[in-house]
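Summary of structural features
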Amino acid sequence: MINRRHFITTVAIGTASAAALAACGTGSSTTAGETGSAEKPVTINYTWWGNDDRATRTRKAIELFESKNPDIKVNGNFTDFAGYWQKRATEAAGGGLPDVMQWDLSYLRDYGQRNQLLDLSTVKINTDAFDKTLLPSGQIRGKTYGIPTSTNAFAVYYDPAKLASLGIAEPDGSWNYEEFNKFLSEVGAKGNGALFGGTDYTGVWWMFNVWLRQNNIEAFTEDGKLGFSKDDLKKWWNLSAKLRGTPALISEERATQLAPKSPFGSNVTATEVTWDNFMAGYLADSGAKELKLVPVPSDDKDNLGLFLKPSMLMVASAKTKYKDAAARFIDFMVNDPEVGQIFKTSRGVPASQTQRDGTTFEGTDKLVVDYEKSIEKYLKDAPEPPIVGFGTLEASFKRVSSDINYGKVTVDGAVDAWFKEAEDLIKQNA
Amino acid sequence: MTTMATPTQSAPDADAQVYNPKSESVTAKRVKSGIFHAVALALTAVVLYPAVWMIASSFKPNAEIGGANTSLWSNNFSFDNFATAMEGIGGVSTLQFFTNSLILAIGAVVGTILSASVSAYAFARIKFPGRSIFFGMMIATLLLPFHVVIIPQYIIFNQLGLVDTYIPLLIGKFLAADAFFVFLMVQFMRNLPAELDEAARIDGAGHVRIFTSIMLPLMKPALISTSIFSFIWSWNDFLGPLLYLNTPEKYPLPLALRLFVDQTQSSDYGAMIAMSVLALLPVLIFFLVFQRYIVEGVSTQGLKG
C-alpha cells in the first residue's frame, strides 16, 4: 500500500515538474527582440565552420563589429564542416540553435521548411548592393531565410605550366563540348600515362546542371520534382562516352587511390571542372605556381548556362531572442567594406557591391574575381535552394556515374538506376 | 603447479610408426616456430603500417602527403608540421586542447571507477528487492543505441542550462551510466569467492568495510582495465564534446584535429597528422604504464590453499 501511494505521488510530482519545465521553454518574445545598451550589452552567439585561417579572420571581423556596436557582444564558435551539421541537427531538435549562423545552400530548404530559421525580410538588413539574380537563392516560398555572403561560379581550371611542358596551347574558354573533349584527349595522349586530361566531367552534378541550363532546362520544377527527362541524362552521360577508358580521363581506380586529394590537386590531371573558390585549396594541394580559370564548354555560344551561387549564407535562428542584434550583425558581415577586406575571397567573392568595392584583390584573389567579372554577361538567375535531400542526390549522381567509369553499368542502366533512387528520395521527402 | 611432462626419450621401435606430435624432431619444431614468427611479423607489419605511415607523413610537407605521393619517406624532412600544430587554432593554443582532453579523460576515469565499482558491489553482493529487474534494466541500456538518446539528453541538458560545460560529458560517468563497466565489474566480483566476505562478516565488517578492504583490492585487474578503456574512450570521443561544447577554448583534441581539414578551403593534412601523432602519445603512455597491471592482477587473484 505504502509503496503504491509513494509511486503515485512520485508520478504526480514528475508530471507537474515536466509541465513546469515545458512552460519555461515558451518564453514571451517581442517583435524586435531584446535589445541592449553600451552599459548592458546583449550577447548573441555566432557559429561557423572552417579552419584556423577562417577562425582568425572571423574573430577579427567580430572585434570590429563589437567596437562599432558597443551594445552587442558576439560569442563566436566554430567546428569542422561535417561536425557542424551533426551539431546543428541536434540543436534544432533540442531548440538550442545559435542566434546567427554561417550556412550552406544545400541545407537551407531543409531547415527553412521546418521553421527553424528566421524570415530575414521581417528584420532590417540592407540588400540594395546585391546582384538581383543572386537573392532568390536564399528565398523559399516568398520568405528570405538566408543572405549570401559571397558567390562562386562554375569554371574549368587548368595548370598553364603543365600544358606548356606538353606543348599544348592554353585554352581561351570559348569551346563547345567536342572541342573540350578533343582538348582532353590531346592532353591525355601527350601526357604519356603521367598526366591525364581530367576527371570525367559528366560525373559532376553541378556541371550537369549548367549543361541543362545551356539547353534551357531547369533541374528541378517549382514543386520540387525533377525537371529533366531520362533522355536528357542519357545524352549527358554519353557526352564523354568516347573518352572513357582512354588517357583523356583519369580512371576511377586511380582517382580513388588519390582520395582525399583530388586528381588535379595531386598533379595527375591537367584540368578540373568545379567551383572557382576551390583555387586556394588546389594551389595548396598541388604546390603549383599558377592555376587559371576559363568558362565551361557550351554548344550554344551565347548561353553558357552559368550562374552565381552563394558559396555561403548568413542565417538567424527562428527562436533567437535578439532579432535586432542578429540582423545588425548579419548586415555588417555581408555589407561592411572592412569585413570584405578582412576575408578577401576566403568565403568566395563578396556578394555585396559595397563590400566588393571596399576590398583590394591581389594574386589568386584577383584571378577569381576577374573570372566572375568576365562571365558577367552570361549570368542567369541563381537556382532556388536545392530540394531537401539534395546532398544524397548529388552523392548518388557521382556514385552512379563512377560505376559507368568502372564499367559496371551501361549508360542506359545507370540512368534507370539513378532515376529510381532520385524519385524514391523525392517521394520520401515530399 | 604441475610440470609439463613431455616424453623426450625415444620410444621403442614398435611404436615409432605411430604419429605423435609431441615427439617431433627439434629441427621441425624450429622450422615451425620460424614460420610462425615470420607470419606473425608480417601480420604485425600490416597492422602497424598505418601508424608508420602516419608518423612518416608527419615529417613531410603538406603537398607531399597523400595523392600521387606513394613513397613513405620524403627528402624534405622537417618539423614544420609540428610547429604549425602547436600554434593552435583560432587563438586557442594546442596546449589548451590537451589540457581539456586530460581533464575530461581523468574525470571520466575517476568517475567511472568510483561509481561503477560501488554499483557493481550492490548488484553482486547485496540482496535487495528488485535486484534482478534493475540488473536487467542496466543490461538493457547496453542494447540501447547511443543515437537514440542523443536528442532527449540534449534537450534535458539544454533546459538545465548545462550546455557548454563539462557536466553533460562527465555526470554520466559519476552516476554509473556506463553499463558496460558495471557489468564488467559485476561479472568479475561474482567470480570472487563469497567465503571472503563471509569471513569478513563474521569478524564484524559491514558493507563499507567489505567493499573497501576486501573487494577493491581484489578487483584491481577489473579496475585497471576499466581505467584504460574509459580513458581511451573519453580521449577519442568526438560526438559528445561536439554536441555539448560551444566555446573553442573548451574543445578537447578530437574537435581540434578536424579543424585542420576543411573541405571548403585548403586542408592542412600535415598539421593534422602531426597533431594526431601528438594526440596518440598520452594514450600510448597510459596503456603502456597500466597494461602490465592487468596481467599481474589476474595472476594474483584467488584463494590461497
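Residues numbered from 1 in each chain as written. Chains lettered and ligands numbered in written order. Predicted model: local features only at pLDDT ≥ 70, side-chain atom pairs only at ≥ 80, totals over all residues.

By size, the foremost hydrophobic cluster in this structure holds 100 residues, and its most contacted members are Phe329 and Ile330 of chain A. Counting the residues that make up this core, at least three belong to each of domain 1 (42-150 + 311-366) and domain 2 (154-307 + 384-429) of chain A. Among all residues touching Phe329 of chain A, those that are not within four sequence positions of it are Ile44, Tyr46, Phe65, Ile72, Val74 and Val100 of chain A. Among the nonpolar cores identified, the runner-up in size contains 58 residues, and Ile65, Ile224, Phe260 and Ala274 of chain B belong to it. (Core = buried A, V, L, I, M, F, W, Y, C linked by C-beta atoms within 7 Å. Buried ≥ 20, exposed ≤ 12 C-beta atoms within 10 Å, placed from the backbone. Domains from an automatic or database assignment. Contact = placed C-beta atoms within 7 Å.)

The next subject is the interface of chain B and chain A. Across the contact, 31 residues belong to chain B and 38 residues belong to chain A. Broken down by element, the side of chain B that touches chain A gets its largest block of residues, 6 residues, from helix α5 (residues 146-159) of chain B. Tallied by class, the residues present in the side of chain B that touches chain A amount to 15 nonpolar, 14 polar and 2 charged. (Helix = DSSP H or I, 4+ residues; strand = E, 2+ residues; numbered from the N terminus. Nonpolar A, V, L, I, M, F, W, Y, C, P; charged D, E, K, R; others polar.)

This brings us to the sheet that holds strand β10 (residues 309-316) of chain A. Residue and element names in this part refer to chain A. Strands sit in the order β2-β1-β3-β10-β6-β11 across an open sheet of 6 strands; the sheet is mixed. Looking at which strands have only one partner, the edges of the open sheet turn out to be β2 (72-79) and β11 (349-350). Across 2 bridges, the pairing between strand β1 (residues 42-49) and strand β3 (residues 100-103) is parallel. Bridge assignment links Tyr46 to a residue of β3, and that residue is Val100. (Pairing = 2+ DSSP bridges.)

A separate point is unusual backbone geometry. Residue and element names in this part refer to chain A. Positioned with a positive phi, Asn216 is a non-glycine residue whose angle comes to about 60°. In this structure, Asn216 sits in the loop between α7 (205-214) and α8 (230-238). Residue Asn216 is classed as exposed on the basis of its 10 C-beta neighbours within 10 Å. Backbone geometry at Lys344 places phi at a positive 50°, although glycine is not the residue there.

Here we take up the pairing of β2 of chain A. All names here are of chain A. Of all 8 residues in β2, 6 are buried; the element is thus mostly enclosed. As paired strands, β1 and β2 are joined by 8 bridges and run parallel to one another. Looking at the pairing, Asn45 lines up with Asn75 of β2. Between the parallel elements β1 and β2, the chain passes through helix α2 (residues 52-68) in a crossover that is right-handed. (Right-handed = clockwise from strand over helix to strand, strands pointing away.)

Quick look at the domain arrangement of chain B now. Residue and element names in this part refer to chain B. Assigned domains within chain B: domain 1 (25-83) and domain 2 (92-300). The C-alpha centroid of domain 2 is placed 32 Å from the C-alpha centroid of domain 1. With 11 residues of domain 1 at the interface, the matching set in domain 2 holds 8 residues. Secondary-structure elements contributing two or more residues to the side of domain 1 that touches domain 2 are α1 (26-57) and α2 (80-87).

Low pLDDT marks stretches whose predicted atomic positions should not be read closely. Residues and elements named next belong to chain B. Across chain B, pLDDT averages 85, with 87% of residues at or above 70. Considering only residues more than four positions removed or in separate chains, one finds that residues 1-12, a stretch of pLDDT under 50, has 5 contacts. At the level of chain-chain contacts, confidence expressed as ipTM amounts to 0.76, with global pTM at 0.80. (pLDDT = per-residue confidence, 0-100.)

Now for α8 of chain A. Residue and element names in this part refer to chain A. Listing the buried residues of α8 in full gives Leu233, Trp236 and Trp237. End-on view of α8: buried residues confined to an arc of 90°, all on one side of the axis. Looking at the buried positions of α8, the neighbouring elements they touch are α7, α15 (390-406) and α16 (411-429). (Arc of directions from axis to C-beta.)

What follows concerns α5 of chain B. All names here are of chain B. An ideal rise of 1.5 Å per residue puts 20 Å on 14 residues; α5 measures up with 20 Å between its terminal C-alpha atoms. In α5, a bend of some 25° at Pro152 exceeds every other bend along the element. Of the residues one or two after α5, Gly161 is the one with positive phi, at around 70°. (Expected span 1.5 Å × (residues − 1). Bend = angle between axes of the 7 residues up to and from the residue.)

Moving on to the sheet that holds strand β7 (residues 154-158) of chain A. Residues and elements named next belong to chain A. Strand order across the open sheet formed by 3 strands is β8-β7-β9, with antiparallel pairing between neighbours. Both edges of this open sheet fall to β8 (271-275) and β9 (292-294), since each of them pairs with a single strand only. Strand-to-strand twist of the sheet, defined as the mean angle between neighbouring strand axes without regard to direction, takes the value 35°. Here β7 pairs with β8 via 5 bridges, running antiparallel. Paired with Val156 across the two strands is Val273, which belongs to β8. (Axes fitted to C-alpha atoms, helices over the stretch in contact; angles between N-to-C directions.)

Residue and element names in this part refer to chain A. Domain boundaries assigned for chain A yield domain 1 (42-150 + 311-366) and domain 2 (154-307 + 384-429). Computed over C-alpha atoms only, the centres of domain 1 and domain 2 are separated by 30 Å. Contact with domain 1, which involves 13 residues of that partner, is made by 11 residues of domain 2. In terms of residues, the side of domain 1 that touches domain 2 owes the most to one element, helix α4 (residues 108-113), which gives 4 residues.

Let us now look at the pairing of β3 of chain A. Residues and elements named next belong to chain A. Burial along β3 is two-sided: Val100 and Gln102 facing one way and Met101 and Trp103 facing the other are all buried. Taken together, the 4 bridges between β3 and β10 define a ladder with antiparallel strand orientation. Considered in β10, the bridge of Val100 is made with Ala316.

The next subject is the packing of helix α3 (residues 94-125) of chain B against helix α10 (residues 220-236) of chain B. Residues and elements named next belong to chain B. Direction vectors running N to C along α3 and α10 enclose 145°, while the axes themselves pass 8 Å from each other. Here α3 runs over α10; the crossing is right-handed. From α3, Ser101, Leu104, Ala105, Ala108, Val109, Thr112, Ile113, Ala116 and Ser117 reach across to α10, where they touch Leu223, Thr226, Ser227, Ser230, Phe231, Ser234 and Trp235. For the contact of α3 with α10, the class distribution of residues is 9 nonpolar, 7 polar and no charged. (Left-handed = near helix turned anticlockwise from the far one by under 90°.)

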